[in-house]
Amino acid sequence: MYRLPGFHSLFLLFLLLIAIPAIAADKGFEQWVQDFRKTALKEGISPEVFDRAFAGIDSPDQWVLDKASYQPEFKAPVWQYFDNRVQQRAIRMGRAKKEELQPWLDKIEQRFGVSPNVLLAIWSIESSFGAILDNEKVIRNVVRSLATLAYADPKRSKFGRQQLLAALKILQSGDVDEKHLVGSWAGAMGHTQFIPTSYQAYAVDIDGDGKRDIWNSVPDALATAASLLSNNGWRQGETWGYEVTIPERKLPAGKLTLREWEKLGVKRVNGKAFPRPDDKAELKLPAGREGPAFLMLKNFFVIKRYNNSDRYATAVGLLADQIGGGKGLVKDWPRPFTPINTSEVEEVQKLLKQRGLYEGEIDGKAGSGTRKGIQAFEKSIGVEVQGYPSKEVLEQLRKRS
């Protein structure tokens, strides 16, 4: 007599059915690896290097695919972007690292002509002075990450294959071994976050140990960043840009000489004259007319060769200036709240953590985790939910601690 399957049987059948695609996907990945092996060998990768690189890698990394497909709900407000990068902790650490590494920085500057302050700013923004390399949550096996993108991400498949071949060539060169070839979900590697093809083009062994080691040698990593900037036209002894005041009237787009900008009423905020008035510059208003204005020079656009973002290049320049002893912006970023400094943001994070509303690091950076914790706190006390790291929120947290 036919009987309907019981609940447990149906549940087991369900588990089997959902497992089949995962098994098939792994088999598909394994086949892809074998097919790619033929390509790699044709490109000069030895069988031994390839097999060591892929030892134990039998499935794509789902975390990498999740990161690749993640679409943030909103673009970070301009104040948040800069507050999280040009902040007191980064400035203090940058100055300490400058003192610690001065002989190496002098050697790098002598060879490449790039300001040590700029290199320290890049190091800070790219990896928090190397701290990210110890974060097991985000640092991955580069070979597996790039193979994952090449195999399972149609948008980045070409990128993944190109970078994977370059990564295998790096292994074959002996600069790093399989265990230490680690990086971000997209394959950016080392203290200064170089993708494999950029590493091949610019990597430098300045410490003389025979390896271009941007993972374990800070001098190599900083020299490699300097090499990239130098080879893309860095102008030694020149700044990246000037904070300026602008007149109320409409100003032209594009590049003019500093002399021409000055005739239009664009002035340095410190009242000084522009050095080299015949240099060309472009006016940038990252937050519109309500925020600070800048005339960007050649070195600003060279920094963009590192990361093609106006915000990134501006953050590097501003942080570099303050590591070098500058005072920071004269005109602050527009924001809808009373700002607090880095130490106070850390206090907000600690107080939120005490209430179980924040699980991240106490780092003084008001990222999405901090803002969500603030929103939860605001909701719990019955005030307007905004999520801003403000003086008002800090005071409310202190009252209730």
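Since we're looking at a predicted model, the values are computed, not measured.

A. Just the overall build of the protein, in detail. Within the protein, the secondary structure is distributed over 17 helices and seven strands. Over its C-alpha atoms, taken along the principal directions, the protein stretches across nearly 95 × 60 × 40 Å. The buried share of the protein, taken over its 401 residues, is 45%. Long-range pairs, those at least 24 residues apart, make up 65% of the contacts in the protein between residues at least 6 apart in sequence. Here the protein has roughly 20900 Å² of accessible surface; of this, 50% comes from carbon and sulfur atoms. Distance between charge centres in the protein, computed from 58 positive and 49 negative side chains, equals 4 Å.

B. Inspection of the environment of Ala315 at higher detail. With respect to the secondary-structure elements, Ala315 resides in helix H14 (residues 310–323). In the structure, Ala315 is positioned 232 residues away from Asp83 in sequence and 9.4 Å away in space, judged by C-alpha atoms.

C. Structural detail: the pattern of salt bridges. Enumeration according to the criterion identifies 19 salt bridges in this entry. A salt bridge links Asp61 to Arg140, with the nearest nitrogen and oxygen atoms 2.8 Å apart. Taken together, the residues span a long stretch of sequence, with Asp61 in the loop between helix H2 (47–53) and helix H3 (62–69) and Arg140 in strand S1 (residues 140–141) at a distance of 79 residues. Relative accessible area serves as the criterion here: at 7%, Asp61 is assigned to the buried category. Between Arg212 and Asp175 there is a salt bridge, with its nearest N and O atoms 2.9 Å apart. One end of the pair, Arg212, is in the loop between helix H10 (196–202) and helix H11 (218–231); the other, Asp175, is in the loop between helix H9 (157–173) and strand S2 (182–183), with 37 residues separating them in the sequence. What makes Asp175 buried here is its relative accessible area of 6%.

D. Layout of the confidence of the model for the protein. For the protein, the average pLDDT comes to 93, and 93% of its residues sit at 70 or higher. In the model, residues 1–25 has pLDDT below 50 throughout and makes two contacts with residues more than four positions away in sequence or in other chains.

E. Up close: the packing of aromatic side chains. According to the stated counting rule, one finds 19 aromatic pairs in the structure shown. Considering the side-chain rings of Trp32 and Phe36, the 5.0 Å spacing of their centres and the 10 degrees angle between planes classify their relative orientation as stacked. Here Trp32 pairs with Phe36, and both are found in helix H1 (residues 7–42), just four residues apart, close to one helical turn. When sorted by exposure, Trp32 lands in the same class as Phe36, which is buried. Between Phe50 and Phe54 the ring centres are 4.5 Å apart and the planes differ by 25 degrees, which places this aromatic pair in the stacked class. In this structure an aromatic cluster arises from ring pairing among Phe29, Trp32, Phe36, Phe50, Phe54 and Tyr151. Sitting above the plane of the Tyr81 ring, Arg85 keeps its charged end 3.7 Å from the centroid. Lys255 extends its terminal NZ or CZ atom over the ring of Phe301, reaching a point 4.3 Å from the ring centre.

F. Summary view of the nonpolar core. Among the nonpolar cores identified, the biggest contains 83 residues, and Phe54, Leu164, Leu168, Leu181 and Leu229 are the most heavily contacted of them. When neighbours within four sequence positions are excluded, Leu168 is seen to be in contact with Phe36, Ala40, Ile45, Val49, Phe50 and Ala53.

G. Spotlight on the side chain of Thr342. With respect to the helices and strands, Thr342 occurs in helix H15 (residues 342–354). Note on Thr342: relative accessible area 8%, which makes it buried. Each residue touching Thr342, except ones within four places of it in the same chain, is listed here: Gln87, Gln88, Arg89 and Gly364.

H. Spatial organisation of the packing of H3 against helix H8 (residues 142–152). Packing of H3 against H8 brings their axes to within 9 Å, and their N-to-C directions diverge by 65 degrees. The interaxial crossing formed by H3 with H8 has right-handed handedness. Here Val64, Leu65 and Ala68 of H3 lie close against H8, whose contacting residues are Ser145, Thr148, Leu149 and Ala152. Its residues placed into classes, the contact of H3 with H8 shows five nonpolar, two polar and no charged.

I. Local environment of unusual backbone geometry. Residues other than glycine seldom take positive phi values, yet Ser128 does so here, at roughly 50 degrees. The topology assignment puts Ser128 in the loop between helix H7 (116–127) and S1. With a relative accessible area of 30%, Ser128 lands in the partly exposed category. Although it is not a glycine, Arg276 adopts a positive phi angle of roughly 45 degrees.

J. Inspection of H11 at higher detail. Taking 1.5 Å of rise per residue, the 14 residues of H11 would be expected to cover 20 Å, and the 20 Å separating its terminal C-alpha atoms lies within 8% of that figure. Taking burial as the measure, the 14 residues of H11 include twelve buried ones, the bulk of the element. Contacts from the buried residues of H11 go to helix H6 (102–112), H7, H10 and helix H13 (298–303). Just past H11, the residue Gly233 takes up positive phi, approximately 100 degrees.

Rules behind the numbers
- Residues numbered from 1 in each chain as written.
- Predicted model: local features only at pLDDT ≥ 70, side-chain atom pairs only at ≥ 80, totals over all residues.
- Heavy atoms only, no water.
- Helix = DSSP H or I, 4+ residues; strand = E, 2+ residues; numbered from the N terminus.
- Buried < 20%, exposed > 50% of the residue type's maximum accessible area, 1.4 Å probe, protein only.
- Contact = heavy atoms within 4.5 Å.
- Areas by Shrake-Rupley, 256 points an atom, 1.4 Å probe, with all protein chains shown as cover.
- Lys, Arg positive; Asp, Glu negative; His and termini not counted.
- Charge placed at Lys NZ, Arg CZ, Asp CG, Glu CD.
- Salt bridge = Lys/Arg side-chain N within 4 Å of Asp/Glu carboxyl O.
- pLDDT = per-residue confidence, 0-100.
- Phe/Tyr/Trp six-rings, centres within 6.5 Å; stacked < 30°, edge-to-face > 60°.
- Lys NZ or Arg CZ within 6 Å of the ring centre and 35° of its normal.
- Core = buried A, V, L, I, M, F, W, Y, C linked by side-chain atoms within 4.5 Å.
- Axes fitted to C-alpha atoms, helices over the stretch in contact; angles between N-to-C directions.
- Left-handed = near helix turned anticlockwise from the far one by under 90°.
- Nonpolar A, V, L, I, M, F, W, Y, C, P; charged D, E, K, R; others polar.
- Expected span 1.5 Å × (residues − 1).

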